[in-house]
Amino acid sequence: MDFGLSEEQEMIVETVRAFVETEIYPHENEVERSGIVPLGLGDEIRRKCIDLGFYACNFPEEVGGAGLDHVTFTLVERELGRGSLGLTVFFGRPSGILMACEGEQRERYLLPAVRGEKIDALAITEPDAGSDMRGMKCAARRDGGDFVLNGTKHFISHADVADFVIVFAATGEEETPKVIKKKITAFLVDRGTPGFEILKGYDSVSHRGYHNCTLNFTDCRIPEAQVLGEVHRGFDIANQWLYGTRLTVAATCVGRARRVFDLALPYAAERKQFGKPIGANQGVSFKLADMITEIDAADWLTLAAAWQVDAGRPADRQIASAKLYASEMLARVTDEAIQIFGGMGLMDDLPLARFWRDARVERIWDGTSEIQRHIISRDLLRPLGA
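A brief report on the enclosed structure follows.

Parameters at a glance
Residues numbered from 1 in each chain as written. Predicted model: local features only at pLDDT ≥ 70, side-chain atom pairs only at ≥ 80, totals over all residues. Heavy atoms only, no water. Pairing = 2+ DSSP bridges. Helix = DSSP H or I, 4+ residues; strand = E, 2+ residues; numbered from the N terminus. Phe/Tyr/Trp six-rings, centres within 6.5 Å; stacked < 30°, edge-to-face > 60°. Buried < 20%, exposed > 50% of the residue type's maximum accessible area, 1.4 Å probe, protein only. Lys NZ or Arg CZ within 6 Å of the ring centre and 35° of its normal. Salt bridge = Lys/Arg side-chain N within 4 Å of Asp/Glu carboxyl O. Patch = residues over 30% accessible without salt bridge, like charges linked within 9 Å, V, L, I, M, F, W, Y side chains within 5 Å. Areas by Shrake-Rupley, 256 points an atom, 1.4 Å probe, with all protein chains shown as cover. Lys, Arg positive; Asp, Glu negative; His and termini not counted. Charge placed at Lys NZ, Arg CZ, Asp CG, Glu CD. Core = buried A, V, L, I, M, F, W, Y, C linked by side-chain atoms within 4.5 Å. Contact = heavy atoms within 4.5 Å. Polar contact = N/O pair within 3.5 Å; in protein donor to acceptor, adjacent residues only side chain to side chain.

**Description of the pairing of strand β2 (residues 139-143)**
- As judged from the 5 bridges shared by β2 and strand β3 (residues 146-157), these two strands associate in the antiparallel manner. Bridge assignment links D143 to a residue of β3, and that residue is D146.
- In textbook terms, the turn of a hairpin is the stretch between consecutive antiparallel strands, and for β2 and β3 this stretch comprises 2 residues, one of which, G144, has a positive phi near 70 degrees.

Structure below.
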């Protein structure tokens, strides 16, 4: 077992961390205050990422990506996690689902997304269908050589800056021994398509500047050529690629927790009360011990899950464990960091309150903690017939 990073991985970690510190950190306070990332700033971050050679680093070399393995890409996401999500979203990592593009779709969607010429967004969640993807009401019916899409999606991240959206919609039903399930199909829908409306979403306490949107489809006509993958097989495509987003959540949680810890540790060593550093008191020093232990555990759990994927082994349970533990770890670490800082921890002069608020959504999106526990327990019990 080799837990060390290669020279190339060390270089990548240092490069991405330096990028975040120089190109992201200086703009965070203004984005937090205004809740807006100026388009010019987003374009500048994207251009610099392209110049650095990291844009679409999660895609294989044959389509123009950097071809990073899952472990190395997870290291990239960990370092990006140190920065504001509203800004790091422009450090482009298009959805891996686009690898399902075929024929003309590659020239129209996949390759421009990899080159940074187009931005995609993923639309699955609905007001009445979150964890239960099969419960979606957004539906598409055949009409000649087209599909006509009607319905609503919400909580759709960064759709406000996207050039096209990957939309999942019900296109039929199938009977199973237990229930009737909806058949799901994925569609590539361009911004500006008649009947497709992108609206401002909800104001959130988490990740200001990283906007969620509501999408309305009213008799939106989509040519069959814009079906991604096969008709009725959208659920399979989603399951094939969503593991990557859960690894991303786990990795970014580790990155944020390390940044928080890097603030709390020197403060505990320097801040004096009753004539000695507060870190000399077990009430504080033991918090630091627990924090770093949990951070390291989440880090190794996440990297081990990524290694499992690279090894071609089943990794659903390992990924679910990493996402579950890292997201819940971040909540505990940010809360303890604020406790160490006392009242100052809640002031806008420090980023701790922002990380504390941002941490809350990590246990919800890309599969709630309850869904992750379901995946883990199902993996354990099914072989035993339970």
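**Section: the packing of aromatic side chains**
- This structure, assessed with the given rule, holds 9 aromatic pairs.
- Ring centres 4.0 Å apart and planes at 20 degrees place the aromatic pair Y267 and F341 in the stacked group. Separated by 74 residues along the polypeptide, Y267 in helix α6 (residues 234-270) and F341 in helix α8 (residues 316-341) bring together distant segments of the chain. In terms of burial, Y267 and F341 fall into one category: buried.
- One aromatic cluster is present, built from ring pairs that chain together F19, F54 and F91.
- Just above the ring of Y25 sits the side chain of R259; from NZ or CZ to the centre is 3.7 Å.
- Over the ring of Y325 we find R332, and its NZ or CZ is 5.7 Å from the ring centre.

**Focus: the pattern of salt bridges**
- A complete count under the given rule lists 31 salt bridges for this structure.
- Where D296 meets R258, a salt bridge forms, and the shortest distance between an N and an O atom there is 2.8 Å. Placement of D296 in helix α7 (residues 282-310) and of R258 in helix α6 is noted, with a sequence separation of 38 residues between them.
- Across the salt bridge formed by E336 and K287, the nearest N and O atoms sit 3.1 Å from each other. With E336 in helix α8 and K287 in helix α7, this pair connects stretches of sequence that are 49 residues apart.
- Taking relative accessible area as the criterion, E336 reaches 26% and is therefore assigned partly exposed.
- Look at the salt bridges and you will find they share partners, linking R17, R78, E79, R82, R258, D262, D296 and D299 into a network.

**Quick look at a positive patch on the surface**
- A contiguous patch of positive charge on the surface is contributed by K178, K181, R378 and R382.
- Following the sequence through the fold, K178 ends up in the loop between β4 (164-175) and β5 (180-190).

**Concerning the nonpolar core**
- One finds V76, L98 and F168 to be the most contacted residues of the largest nonpolar core, which totals 47 residues.
- Counting only elements with at least two residues in this core, the list comes to α1 (7-34), α2 (39-52), α3 (70-80), α5 (104-115), β4, β5 and α6.
- Broken down by element, this core gets its largest block of residues, 6 residues, from α1.
- Residue contacts for V76: discarding those within four places in its chain leaves I12, V16, F54, C57, L68 and F91.
- Listed in part, the 38 residues of the second largest apolar core include C253, V254, A268 and I340.

**Description of a nonpolar patch on the surface**
- Together, M344, L346, M347 and W356 line one region of the surface with nonpolar side chains, adding up to about 380 Å² of accessible area.
- The topology assignment puts W356 in helix α9 (residues 352-361).

**Looking at the environment of T248**
- For T248, the location among the structural elements is in helix α6.
- Spatially, the C-alpha atoms of T248 and G201 are 23 Å apart, while their sequence positions differ by 47 residues.
- Sequence-distant contacts of T248, defined by excluding residues within four places in its chain, comprise F73 and E77.

**As for the environment of R256**
- Tracing the backbone through its elements, the reader meets R256 in helix α6.
- For R256, a relative accessible area of 3% translates into the label buried.
- Sequence-wise, R256 and G83 are 173 residues apart; in three dimensions their C-alpha atoms are separated by 7.5 Å.
- Contacts of R256, omitting those with residues within four sequence positions, involve G81, R82, L85, H207, L330, F355 and E362.
- A polar atom in the side chain of R256 sits 3.4 Å from the backbone oxygen of G81.

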